[in-house]
Amino acid sequence: MNLTAYLQAKARAGEAEADQVSVILGLADAAIKITHLVHRNGIAADLGSDIGGTNSDGDSQKALDVRAEEIIGASLLGRGAVYLLSEEQDDPVPLNDEGSLLVAVDPLDGSSNISVNVTIGTIFSLLPAGERPAENTLQPGRNQLGAGFFTYGPQTTLIFALAGSEDIPCFVLDPDQGEFVEMQGEVRIPAATKEFAINSAYANHWYPPVQRWMSDVLQGESGPLGKSYRMRWVGSLVADAWRIFRRGGIFLYPGDSRPGNETGRLRLVYEANPMAFLAEKAGGGASHGKGSVLDLVPDHLHQRVPLIFGAKEEVDRLEKEHQ
Ligand code: FBP
C-alpha cells in the first residue's frame, strides 16, 4: 500500500485528521525532494559544506540544513499547519492563516554526516495549534498528535505514529515509482537488548549514573547483567533510531560535564519529543533520566535535554541509577 492510500484509510477509520494527513503527505513530498538533493551531493556542490552562518543553537549551518528547511516550508504551504517550528530558526515561522497544527522539524539531522555519505534524516512532530497558535508553541511532548522521521541513507524511509492510532507504519521510497510504499513487519521495541548506542568518547565527562550503568554493561557475561553487548553509534540520531525501531536496542545522549552539554545535546522539541512519542508507542521507554521526556514542558523552543530511549529494561535500569 502506498502512503497516500494508507493515510486515506486511517482518515476513513477516524484514526487520522485531515490536516494530519495533508501535513504528512507534504513532508513526504519534501523528503522526496531532499532525497534527490542528497543523491546529487558532490556533483555540483558539497551540500555538507559550512555556509558561514550559525543556527539559534550556535551550530554551524551546512548548505543542506538550509535547503532542507526551505523545501519543507514550501511543501507545507496550504496544508493545515499554522506555524513551522524549526531547529534552524529562532522563532516560529508563519505558514498558513488557517490550520489545526503546529509542525516542529529538525530539517536535517546528522549534519556532520552529509559530506561523508552516511545516513541523515528529517524529524517531525505535530502539535495542536489551539485557538491562539502563537501562544501555544511550548507544549509537552505528551500533547503530540503525531511524530516521525525520514532517513536518507541506502534507502529513504519513513516511520511515524499518530495519537489516534495504535499502528507504527514504516515506508520506503520506491525509486522506480517515486512514492513511499509500506514495509513489512510490526514495530515493537523488545524490552531486553544486547545493543547500545552512545558516544563513549565522552565517558570521562558523563555523570555517575551513566558511568555506573556503562560499567555494568561493559563487564559483559561475567558482570551483574550477565550478557555481552554490542555497540553502534552512527552520529545521526535518525540512523540509530531507525535501527532501534526495526530491531531493538537502547540509545543514550546523556548530559555531561562539557560546557554547554550539562543538560544534553539533543533538542527537546525537535529531536527528543518525536523519538519519545514513537518509543512509548512501540512499547519502549524514553527518559531524561528522572522521568518521561514526554512530560517535560519546554521553557524555550531550543531547550536541550538528556535523552535515553529504547529497550524498557535498560531505560528502567538507567532511571534507577539516577534515583
Ligand atoms: P545536528 O543537529 O547538528 O544534525 O546534530 C545532531 C546529532 O547529529 C544527532 O543526530 C546525533 O545523535 C548527535 O548529534 C551526534 O553527536 P556527537 O557528534 O556528539 O556524537
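Details of the structure are given in the entry above.
Being a predicted model, the structure only gives us computed values, none of them experimental.

A. Up close: the sheet that holds strand β15 (residues 307–310). Reading across from one edge, β12-β11-β13-β15-β14 is the order of the 5 strands in this open sheet, with mixed pairing throughout. For this open sheet the edge positions go to β12 (230–231) and β14 (285–287), each flanked by a neighbour on one side alone. Along the sheet, helix α4 (residues 208–218) contacts β11 (195–197) and β13 (250–253); its crossing angle with β11, the most-contacted strand, is approximately 145°. Contacts between helix α7 (residues 312–322) and the sheet are confined to β13, β14 and β15, with β15 contributing the most and set at about 150° to the helix.

B. View of the layout of surface pockets. Approximately 580 Å³ is the volume attributed to the largest pocket. Taken together, 30 residues make up the lining of the largest pocket; nearest its centre are G110, S111, S112, G235 and R265. At the level of secondary structure, the elements contributing two or more residues to the lining of the largest pocket comprise β2 (60–62), β5 (101–109), α5 (237–247) and β13. Of the residues belonging to the lining of the largest pocket, the class tally is 7 nonpolar, 10 polar and 13 charged. Taken domain by domain, the lining of the largest pocket gets at least three of its residues from each of domain 1 (3–182) and domain 2 (195–321).

C. Focus on the site of the ligand. Surveying the vicinity of the ligand reveals 17 residues, the closest of which are G110, Y202, L237, Y253 and R265. Side-chain polar atom of E87 to an oxygen atom of the ligand: 3.3 Å apart, as the coordinates give it. Across the complex, the protein chains shield 87% of the 480 Å² of accessible surface that the ligand would expose by itself. According to the grid-proximity analysis, the pocket containing the ligand is the largest pocket. When residues of the shell around the ligand are traced back to their parent elements, those giving at least two are β5 and β13. Per-domain counts for the shell around the ligand show at least three residues from each of domain 1 (3–182) and domain 2 (195–321).

The rules behind the values
- Every chain begins its residue count from 1, and numbering advances along the sequence as written.
- Note on the predicted model: pLDDT of at least 70 is required for a residue's local features to be given, and 80 or more for side-chain atom pairs to be given and counted; whole-chain, interface and lining totals, by contrast, use all residues.
- To obtain the side-chain values, all non-hydrogen atoms of the structure were included, while hydrogens and water were left out.
- Strands are labelled as partners when DSSP assigns at least two bridges between them.
- Secondary structure follows DSSP: runs of H or I at least 4 residues long count as helices, runs of E at least 2 residues long count as strands, and numbering of each begins at the N terminus.
- Here, residues are in contact when the closest pair of their heavy atoms is within 4.5 Å.
- The axes are straight lines fitted to the C-alpha atoms, using for helices just the contacting stretch, and the angles between their N-to-C directions are given from 0 to 180°.
- Here a cavity denotes grid points, spaced 1 Å and computed from the protein atoms alone, that fit a 1.4 Å probe unable to get out, and a pocket denotes an open set having protein on both sides within 12 Å along at least 5 of 7 lines; residues with an atom within 4 Å of a point are the lining.
- Grid points are joined across faces, edges and corners, and a volume is the space filled by probe spheres set on the points.
- Nonpolar residues are Ala, Val, Leu, Ile, Met, Phe, Trp, Tyr, Cys and Pro. Charged residues are Asp, Glu, Lys and Arg, and all others, Gly as well, are polar.
- Where each domain begins and ends is defined by an automated method or by a domain database.
- What makes a residue near a molecule or strand is one non-hydrogen atom of that residue sitting within 4 Å of it.
- Whenever two N or O atoms come within 3.5 Å, that pair is a polar contact, provided that in protein one can donate a hydrogen and the other can accept it, and provided that, for residues adjacent in sequence, both atoms are side-chain atoms.
- Here the accessible surface of atoms and residues is derived via Shrake-Rupley with a 1.4 Å probe, and residues count as covered only by protein chains that are part of the display.
- The way we define it, a molecule is inside a pocket or cavity when more than half of its atoms are within 2 Å of that pocket's grid points.

These results come straight from atomic positions and should not be treated as a statement about function.
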